[in-house]
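Inside the fold
The lines below spell out each chain.
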Amino acid sequence: MEKMIPPHTSRINIIGTSGSGKTTFSRQLAKKLNFPIIEMDKLFWGPNWYWPSDEEFFGKLKNALSSEKWILDGNYTRTIPIKWEKVEVVIWLDYPFLTTLFQAIRRAIKRSITGEELWEKTGNRESFKKSFLSKDSIILWTIKTHKPVRKKYEEYMKDPKYSHIKFVRIRNHKEADRFLESVRNVNGQIEEIEVIPRFLGVGLGTHHKKSKTMNEFWSYFLQITFHEGKTERWTAREKKAQWLLENLNLKKDHAVLDLGCGDGIIDIWLSRFNCKATAVDRAGSVLNHAKNEDDTQKVDFIQSDLQLVEFPEQTFHGIFIFETLGLLKKEEDLKLLESTYKWLKKGGRIAVDCPIKPSEKNVWKKEFPSGVVHADTSFDVNTRIHELNFEFQSTTEEAFILKDSACSNYAPEAGISRYIYTQEELQKILEDIGYKVQLVPHYYGQDYFALIGIKE
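Thresholds applied
- Residues numbered from 1 in each chain as written.
- Predicted model: local features only at pLDDT ≥ 70, side-chain atom pairs only at ≥ 80, totals over all residues.
- Heavy atoms only, no water.
- Helix = DSSP H or I, 4+ residues; strand = E, 2+ residues; numbered from the N terminus.
- Rg over C-alpha atoms; globule rule 2.2 N^0.38 Å.
- Buried < 20%, exposed > 50% of the residue type's maximum accessible area, 1.4 Å probe, protein only.
- Areas by Shrake-Rupley, 256 points an atom, 1.4 Å probe, with all protein chains shown as cover.
- Lys, Arg positive; Asp, Glu negative; His and termini not counted.
- Charge placed at Lys NZ, Arg CZ, Asp CG, Glu CD.
- Salt bridge = Lys/Arg side-chain N within 4 Å of Asp/Glu carboxyl O.
- Polar contact = N/O pair within 3.5 Å; in protein donor to acceptor, adjacent residues only side chain to side chain.
- Contact = heavy atoms within 4.5 Å.
- Arc of directions from axis to C-beta.
- Right-handed = clockwise from strand over helix to strand, strands pointing away.
- Pairing = 2+ DSSP bridges.
- Axes fitted to C-alpha atoms, helices over the stretch in contact; angles between N-to-C directions.
- Parallel < 35°, antiparallel > 145°, perpendicular 65-115°, else oblique.
- Phe/Tyr/Trp six-rings, centres within 6.5 Å; stacked < 30°, edge-to-face > 60°.
- Lys NZ or Arg CZ within 6 Å of the ring centre and 35° of its normal.
- pLDDT = per-residue confidence, 0-100.
- Core = buried A, V, L, I, M, F, W, Y, C linked by side-chain atoms within 4.5 Å.
- Left-handed = near helix turned anticlockwise from the far one by under 90°.
- Nonpolar A, V, L, I, M, F, W, Y, C, P; charged D, E, K, R; others polar.

Along its length, the protein chain carries 14 helices and 23 strands. Relative to the 2.2 N^0.38 estimate, which gives 23 Å for 456 residues, the radius of gyration of the protein chain is 28 Å and therefore markedly larger than a compact globule would have. Structurally, the protein chain occupies a C-alpha span of about 90 × 50 × 40 Å along its principal axes. The buried share of the protein chain, reckoned over its 456 residues, is 51%. Total accessible area computed for the protein chain in this model is approximately 22600 Å², and 51% of it derives from carbon and sulfur atoms. For the protein chain, the centre of its 68 positive side-chain charges and the centre of its 64 negative side-chain charges are spaced 5 Å apart.

Pasting the structure below:
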């Protein structure tokens, strides 16, 4: 199914109930694309709130739409036969009722206070009385029309009469921001826009809530299927294992624990290097795959949530937690790290890591024989929350997103959310537990930091 807005798109209509922010969004989009904007309210209203006849208004609209390229801001559904005759994309700002009502009230209060002229040379202004106390109240209009307008646009999207139109349905400000971030003007044309159905419903039937958990699909897909055919994966894991041998000071027959082992390849390498590896992960399907790949048959793979796993005191010479801290709640991370101190032998070492600063915005897709995966990730530098959202468009079933409460402790709506520790923060936690901490070069290079904690 086509997921791109055509790069040659030149005629776009922004629609939505009153208070949805059509004009603001239209101006932002017009600025990014360097397209002229046509505001229907500006075309319609004359000086002193003059109400034109349809014949007069339609004539103005036809004239305005005669150009080759435009962004049209406004509803006026009675003009659909005119405005949608040549339109290529309709973007519907379908925000929740309370959002639009709040925006309408805030806008009305602002206009009442500032007395700003709404459209140049009309003298039209909104007053508190007109906005809140009259029969023509824009607030009353917002309340009365929100539900029927939404129903009407849903019907239009399904009408074969408008099958030539690409509909983009945006349901909140976060989706709107993502959309605006994704568009560019290249040589006078729109660069292809990657539309991720998890956030943007394009056309018919693409906005949905069907989901699968990590155990149902995503763990195996992201950790196994995603990397199939990549022989360099084993080479890269070998280098990580060698990094661990050096930084954890591991020797022959030393016991080492991997918390959050994923595909288990590092542990297989450690076993090949004559270490006694124990690997823990919650994904049973991934562990079963790892067991089949373990040519040493010596790795002890354990399926368990990390906050539930237990070992006797002073069992291990080394412990490592790679790309895992921050997925649990902070108090659970602390409890796990405190447990590692008990599980380590005296002189034992722990290795932990974290990205320094993930990309603030990243959107990508990848094709597989069984379907296409779409990803949308973001990082908030203020909260230090990294959100990762995935959707899989299968060739054999309805598309589905990643939804798993165990992976979204910090952002319930995200597929995966992770708190990104700073180096100073994580170092202090380890030191407070009792570790002597060293900063060492990370095997990935500059984008991550790694800490070694020594139990003296």
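Our focus in this paragraph is the side chain of Arg-384. Positionally, Arg-384 belongs in the loop between strand 18 (371-380) and strand 19 (385-394). For the buried Arg-384, no salt bridge is present, and the opposite-charge side chain at shortest range is Glu-425, 5.2 Å distant. Separated by 2.7 Å, the side chain of Arg-384 and the backbone oxygen of Ile-420 make a polar contact. Look past the residues within four positions of Arg-384 in its chain and what remains in contact with it is Ile-356, Phe-379, Arg-418, Tyr-419, Ile-420, Tyr-421 and Thr-422.

Three- or four-residue spacings in an α-helix give side chains the same orientation, since the helix completes a turn every 3.6 residues. For helix 3 (residues 54-64), the complete set of buried residues consists of Phe-57, Phe-58 and Leu-61. Mapping the buried residues of helix 3 onto a view down its axis gives an arc of 95°, with all of them on the same face. Opposite the buried face of helix 3, by more than 90 degrees, sit the exposed residues Glu-55, Lys-62 and Asn-63. Each element contacted by the buried residues of helix 3 is listed here: helix 2 (40-44), strand 4 (70-73) and helix 4 (80-83).

Glancing now at unusual backbone geometry. Even without glycine at this site, Trp-49 takes up a positive phi of about 60°. By the secondary structure assignment, Trp-49 is in the loop between helix 2 and helix 3.

This paragraph deals with the environment of Gly-415. Looking at where Gly-415 falls in the secondary structure, it is placed in the loop between strand 20 (400-402) and strand 21 (416-419). On the basis of relative accessibility, which here comes to 0%, the residue Gly-415 falls in the buried class. Sequence-wise, Gly-415 and Lys-161 are 254 residues apart; in three dimensions their C-alpha atoms are separated by 37 Å. With residues up to four places along the chain from it excluded, the contact list for Gly-415 reads Leu-388, Asn-389, Leu-402, Asp-404, Cys-407 and Ser-408.

Counting buried positions along strand 13 (residues 276-281) gives 5 out of 6 residues, so the element sits mostly inside the fold. Following the chain from strand 12 (residues 255-259) across helix 11 (residues 265-272) to the adjacent parallel strand 13, one finds a crossover that is right-handed. Where strand 13 lies against strand 14 (residues 300-303), 4 bridges are found, and the strand directions are parallel. When the bridges of strand 14 are listed, Thr-278 appears paired with Asp-300. Regarding topology, helix 12 (residues 284-293) serves as the crossover connection from strand 13 to the parallel strand 14, and that connection is right-handed.

Our focus in this paragraph is the packing of helix 9 (residues 214-223) against helix 12. Two elements in contact, helix 9 and helix 12, have axes whose closest approach is 8 Å; the angle formed by their N-to-C orientations is 40°. In terms of orientation, helix 9 lies oblique with respect to helix 12. Touching Ser-219, Tyr-220 and Gln-223 of helix 9 are Ser-285, Val-286 and His-289, all from helix 12.

A few words on the packing of aromatic side chains. Tallied over the full model, the rule gives 43 aromatic pairs. Centroid distance Trp-218 to Phe-390: 5.8 Å. Interplanar angle 35°. Geometry classified as tilted. Within this pair, whereas Trp-218 is found in helix 9, its partner Phe-390 is found in strand 19, the two being separated by 172 residues in sequence. Relative to Trp-343, the ring of Phe-311 lies with its centre 5.2 Å away and its plane at 85°, an arrangement referred to as edge-to-face. Here the residue Phe-311 occupies a position in the loop between strand 14 and strand 15 (316-321), and Trp-343 occupies one in helix 13 (residues 330-343), the gap between them amounting to 32 residues. One aromatic cluster in this structure is built from Phe-217, Trp-218, Phe-221, Phe-226, Trp-364, Phe-368, Phe-390, Phe-392 and Phe-400. Positioned above the aromatic ring of Tyr-419 is the side chain of Lys-330, whose terminal nitrogen or guanidinium carbon lies 3.9 Å from the ring centre.

Relative to the helices and strands, Thr-213 resides in the loop between strand 11 (211-212) and helix 9. Owing to a relative accessible area of 25%, Thr-213 belongs among the partly exposed residues under this scheme. For the pair Thr-213 and Lys-31, spaced 182 residues apart in sequence, the C-alpha to C-alpha distance is 40 Å.

Looking at the protein chain, the pLDDT average stands at 88 and 93% of residues meet or exceed 70. When the criterion is pLDDT under 50, residues 192-208 qualifies, and its contacts beyond four places in sequence or with other chains add up to 62 contacts.

Glancing now at the nonpolar core. Ranked by size, the top nonpolar core spans 31 residues in total, and within it Leu-259, Leu-337, Trp-343 and Val-352 carry the most contacts. Of all elements in the fold, only strand 12, strand 15, helix 13, strand 16 (344-355), helix 14 (423-433) and strand 23 (448-454) reach the threshold of two or more residues within this core. Excluding its chain neighbours within four sequence positions, the residues that come into contact with Val-352 are Ile-321, Leu-325, Leu-337, Leu-426, Leu-430, Phe-449, Ala-450 and Leu-451. Ranked by size, the runner-up nonpolar core spans 28 residues in total, among them Leu-43, Phe-58, Trp-92 and Phe-167.

When their charged atoms lie close together, side chains carrying opposite charge are able to pair. Applying the stated rule across the entire model yields 23 salt bridges. Its salt-bridge partner being Lys-212, residue Glu-397 comes within 3.1 Å of it at the nearest N-O pair. Linking Glu-397 in the loop between strand 19 and strand 20 with Lys-212 in strand 11, this pair joins segments that are 185 residues apart in sequence. Residue Lys-212 is classed as buried on the basis of its relative accessible area of 18%.

A separate point is the packing of helix 13 against helix 14. Where helix 13 meets helix 14, the closest approach of the two axes is 10 Å, and the angle between their N-to-C directions is 45°. Taken as axis vectors, helix 13 and helix 14 run oblique relative to one another. As helix 13 runs across helix 14, the sense of the crossing is right-handed. Across the interface between the two elements, Lys-330, Leu-334, Leu-337, Glu-338 and Tyr-341 of helix 13 pack against Glu-425, Leu-426, Ile-429, Leu-430 and Ile-433 of helix 14. When the residues that make up the contact of helix 13 with helix 14 are grouped by side-chain class, the tally is 7 nonpolar, no polar and 3 charged.

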